[in-house]
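Structural overview
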Amino acid sequence: MTSGTTPGLARFNTSADSEAVAALHEVCSSSAWGSKILARRPYTTAEALFLASDAATAELTAEDLAEAMAGHPPIGRPKAGDPTSSREQSGMAGASEELRAEMLELNLAYQEKFGHVFLICATGRTGEQMRDAARERIAHSPEEERETVRTELGRINRIRLARLVEEENTA
């Protein structure tokens, strides 16, 4: 990731608030997170933006985390027409029917236990790695899992912010 000012970072810093809010919502659907990031503009470097994201993620309440998770589709079922979730979940793209069925069962059991989608930074992970993480995490207490979710959300937000600030244009 680039740590200096990029054309994408300059564009983000100078875009109208409404455009920046829309871009931030694509990164993370927590309005509290987006408001905190927006309020700290301009950012001198991408790293400063990432650090602000980390701080904003650390400050999210349980309700804010729920709002953020609501914007993420279940693993193995990316949103139709959403290139971001499809790209991030590409590790499931070639998964066997057996693995897909197991992931569906794990997603449902996880959601029943914790009341929200299984959130994991899927970028670069295989379907098997995501399945294994779901198996492990379903044994967590709600408190342990909330902090794991916060960590995973922070990773996702950093990856998505990097894409945002490194893009040459938004067209």
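Keep in mind the model is a prediction, meaning the values are calculated, not measured.

Right, let's talk about the packing of aromatic side chains for a bit. Remark: the centre distance and the inter-plane angle together describe each pair of aromatic rings, the angle taken between the planes. What the rule picks out here adds up to three aromatic pairs. Considering the side-chain rings of F12 and Y43, the 6.4 Å spacing of their centres and the 25° angle between planes classify their relative orientation as stacked. A residue pair is termed long-range when its members are at least 10 positions apart, and F12 in helix 1 (residues 7–14) and Y43 in the loop between helix 3 (31–39) and helix 4 (46–58) qualify at 31 residues. Accessibility assignment for this pair places F12 and Y43 in one class, buried. The interplanar angle of 50° and the centroid separation of 4.7 Å between the aromatic rings of Y110 and F114 together place this pair among those described as tilted. Taken as a pair, Y110 and F114 lie in helix 7 (residues 97–114) at a separation of four residues, close to a single helical turn. For Y110, a relative accessible area of 0% puts it in the buried group. Of the residues examined, F114 reaches a relative accessible area of 14% and is grouped as buried. In textbook terms, an aromatic cluster arises when at least three aromatic residues are bridged by ring pairs, as seen for Y110, F114 and F118. Between the NZ or CZ atom of R41 and the centre of the ring of F12, over which it lies, the distance is 5.5 Å.

Basis of the calculations
Along each chain, the written sequence defines residue order, and numbers are assigned to residues from 1. For this predicted model, a pLDDT threshold of at least 70 governs which residues receive local features, and a threshold of 80 or more governs which side-chain atom pairs are given and counted, while totals over whole chains, interfaces and linings are taken from all residues. Water and hydrogen atoms play no part in the side-chain values, which are based on all heavy atoms of the structure. Ring pairs shown here join Phe, Tyr and Trp side chains whose ring centres sit within 6.5 Å, with only the six-membered ring taken for Trp; geometry is labelled stacked below 30 degrees between planes, edge-to-face above 60, and tilted in between. Secondary structure elements are defined from DSSP: runs of H or I of at least 4 residues count as helices, runs of E of at least 2 residues count as strands, and each element is numbered from the N terminus. Residue exposure (1.4 Å probe, protein chains only): buried if accessible area is under 20% of the type maximum, exposed if over 50%, otherwise partly exposed. Comment: the charge-over-ring label is applied if NZ (Lys) or CZ (Arg) is within 6 Å of the ring centre and within 35 degrees of the ring normal.

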